[in-house]
Amino acid sequence: MGSLFEELEAREAAARVRVEELEAEVAELSGKLEPARESLERLRIARETIAEVLAEMTPEKSAVAVESARPSAGDSVGSAYAGAERQVIGVLTVPNWQPGMGTEVLPQVYRDIMEVVADAPGPVRAKQIVPRIGLPAETGKIEGTRSKLKRLVERGWLDEDVPGLFTPARRRGGVSPNPRW
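What this report covers is the structure whose coordinates are included nearby.

### A word on the overall build of the protein
Line of reasoning, step 1. Helix and strand counts for the protein come out as 5 helices and 2 strands.
Line of reasoning, step 2. Across the protein, contacts joining residues at least 24 apart in sequence account for 44% of those joining residues at least 6 apart.
Line of reasoning, step 3. Here the protein has roughly 12900 Å² of accessible surface; of this, 57% comes from carbon and sulfur atoms.

Below you can see the structure in the form of structure tokens.
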């Protein structure tokens, strides 16, 4: 009978070790679960807040705001968007270029990109721009900048005559030569 008790003790010890391993895993997962729950809660709150803001932005309110923002005959226009009738559904951070529009209407990172391209002696690549705008020369930063450059081309701010090489837009008669715009 002694061997039966020894066998049970061995199994009990193995079960105890397994329980301790599982408890350690549960503790580790609990540590990961709380930050994930916090992130989920922040996203839920952000979504609800945006839904509330959009619900409050009825077309009547937008039209009244646009009407009151319209300049009179003698006023100077401070923004490229001033007086434009539009319903805000999303945010267009890079507007389509129009005659008389300056880079001040662009977000800061796009202005920085435009400055680097304008100061370059010839066409530039995204990987050349990244360090000049203060970003590390990492693949993700280069690809993000390339995306911004492509957006500037699509909206008429830059030209890309050769794939991957960007230059300031050559505008003829106030129209961008970019065939996509």
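### As for the packing of helix H3 (residues 108-119) against helix H5 (residues 139-154)
Line of reasoning, step 1. Put simply, H3 and H5 touch, their axes get as near as 11 Å, and they point 80° apart. As judged from the angle between their axes, H3 and H5 are roughly perpendicular. Contact residues: H3 offers Val109, Tyr110, Ile113, Met114 and Val117, while H5 offers Thr145, Lys148, Leu149, Arg151 and Leu152.
Line of reasoning, step 2. The residue inventory of the contact of H3 with H5, partitioned by class, reads 7 nonpolar, 1 polar and 2 charged.

### With respect to the pairing of strand E1 (residues 158-162)
Line of reasoning, step 1. By the bridge criterion, 3 bridges tie E1 to strand E2 (residues 165-168) in an arrangement that is antiparallel. Bridge pairing links Asp159 to Thr167 in E2.
Line of reasoning, step 2. Here E1 folds back onto E2 in antiparallel fashion, the turn holding 2 residues, of which Gly164 has a positive phi close to 90°.

### So, H3
Line of reasoning, step 1. Between the first and last C-alpha of H3 there are 16 Å, a value that for 12 residues agrees with the 16 Å anticipated at 1.5 Å per step.
Line of reasoning, step 2. Where H3 is concerned, the buried positions are Tyr110, Ile113, Met114, Val116 and Val117. Taken around the axis of H3, the buried residues stretch over an arc of 160°, which confines them to a single face. Those residues of H3 that are exposed and angled more than 90 degrees off the buried face are Ala118 and Asp119.
Line of reasoning, step 3. Residues of H3 that are buried sit in contact with helix H4 (126-132), H5, E1 and E2.

### Observations regarding the nonpolar core
Line of reasoning, step 1. Leu106, Ile129, Leu149, Leu152, Trp157 and Leu158 are the most contacted members of the largest nonpolar core, which has 22 residues in total.
Line of reasoning, step 2. For this core, the secondary structure elements donating two or more residues are H3, H4 and H5.
Line of reasoning, step 3. It is H3 that provides the largest number of residues to this core, a total of 5 residues.

### A word on a nonpolar patch on the surface
Line of reasoning, step 1. A contiguous nonpolar surface patch, about 320 Å² in accessible area, is contributed by Leu4, Phe5 and Leu8.
Line of reasoning, step 2. Structurally, Phe5 is set in helix H1 (residues 2-56).
Line of reasoning, step 3. Judged by its relative accessible area of 52%, Phe5 falls in the exposed class.

### What to know about H5
Line of reasoning, step 1. Counted at 1.5 Å a residue, the expected span for H5 with its 16 residues is 22 Å, and the 22 Å between its end C-alpha atoms agrees.
Line of reasoning, step 2. Among the residues of H5, those classed as buried are Ile142, Thr145, Leu149, Leu152 and Val153. Projected down its long axis, H5 carries its buried residues within an arc of 100°, all on one side. Every exposed residue of H5 that faces more than 90 degrees away from the buried side is listed here: Thr139 and Gly140.
Line of reasoning, step 3. Lining the buried residues of H5 we find H3, H4, E1 and E2.

Definitions and cut-offs
- Residues numbered from 1 in each chain as written.
- Predicted model: local features only at pLDDT ≥ 70, side-chain atom pairs only at ≥ 80, totals over all residues.
- Heavy atoms only, no water.
- Helix = DSSP H or I, 4+ residues; strand = E, 2+ residues; numbered from the N terminus.
- Contact = heavy atoms within 4.5 Å.
- Areas by Shrake-Rupley, 256 points an atom, 1.4 Å probe, with all protein chains shown as cover.
- Axes fitted to C-alpha atoms, helices over the stretch in contact; angles between N-to-C directions.
- Parallel < 35°, antiparallel > 145°, perpendicular 65-115°, else oblique.
- Nonpolar A, V, L, I, M, F, W, Y, C, P; charged D, E, K, R; others polar.
- Pairing = 2+ DSSP bridges.
- Expected span 1.5 Å × (residues − 1).
- Buried < 20%, exposed > 50% of the residue type's maximum accessible area, 1.4 Å probe, protein only.
- Arc of directions from axis to C-beta.
- Core = buried A, V, L, I, M, F, W, Y, C linked by side-chain atoms within 4.5 Å.
- Patch = residues over 30% accessible without salt bridge, like charges linked within 9 Å, V, L, I, M, F, W, Y side chains within 5 Å.
- Salt bridge = Lys/Arg side-chain N within 4 Å of Asp/Glu carboxyl O.

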